[in-house]
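# Reading the structure
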Amino acid sequence: MQSNIVLLFDGECNLCNQTVQFIIKRDKKAKIKFASLHCEYAKKIFKKKNINESYNESIVLIVDQKIYFKSDAALNICRYLSGFWPVLYGFKIFPKFMRDSVYNYIAKNRLKWFGKTDSCQIMLPEISNRFIA
């Protein structure tokens, strides 16, 4: 059975865009699709799940209608990547408050450290079907 996996990310954040490119290269089975936190698709999901539509505190991973935020999202993504990356899912043994405090620190500083973009990435035809408008 094919899973429905979508990663919502901040399209203006350079770290987020680099993370998407990282995932694309390592998601050899192309299981994960991508959408901006600010697109209509995300707004519909947020409304359905009673999440503030201006939410942008973290990436959001949707797996078969289940929603993961922050470190839970990041660690669940690892499960779908090739190579040794699925081993990182083992960090789930650490308490969520510990994992999320590290995530929050990076998220709080991401724009300062990595900057932000004013334009969209150039979409290669071979990966354009992985993005939801």
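Before going into details, it helps to say that this report is about the structure given with it. (Residues numbered from 1 in each chain as written. Predicted model: local features only at pLDDT ≥ 70, side-chain atom pairs only at ≥ 80, totals over all residues. Heavy atoms only, no water.)

Right, let's talk about a nonpolar patch on the surface for a bit. Together, Phe91, Ile93, Phe94, Phe97 and Met98 make up an exposed nonpolar region whose accessible area comes to about 560 Å². Among the secondary structure elements, Phe94 is positioned in the loop between helix H3 (70-78) and helix H4 (96-114). Taking relative accessible area as the criterion, Phe94 reaches 37% and is therefore assigned partly exposed. (Patch = residues over 30% accessible without salt bridge, like charges linked within 9 Å, V, L, I, M, F, W, Y side chains within 5 Å. Areas by Shrake-Rupley, 256 points an atom, 1.4 Å probe, with all protein chains shown as cover. Salt bridge = Lys/Arg side-chain N within 4 Å of Asp/Glu carboxyl O. Helix = DSSP H or I, 4+ residues; strand = E, 2+ residues; numbered from the N terminus. Buried < 20%, exposed > 50% of the residue type's maximum accessible area, 1.4 Å probe, protein only.)

It is worth spelling out the pattern of salt bridges at this point. Applying the stated criterion to the full structure yields nine salt bridges. With its nearest N and O atoms 2.9 Å apart, the salt bridge here joins Lys96 to Asp100. Here Lys96 pairs with Asp100, and both are found in helix H4, just four residues apart, close to one helical turn. On the accessibility criterion, Lys96 (37% relative accessible area) is partly exposed.

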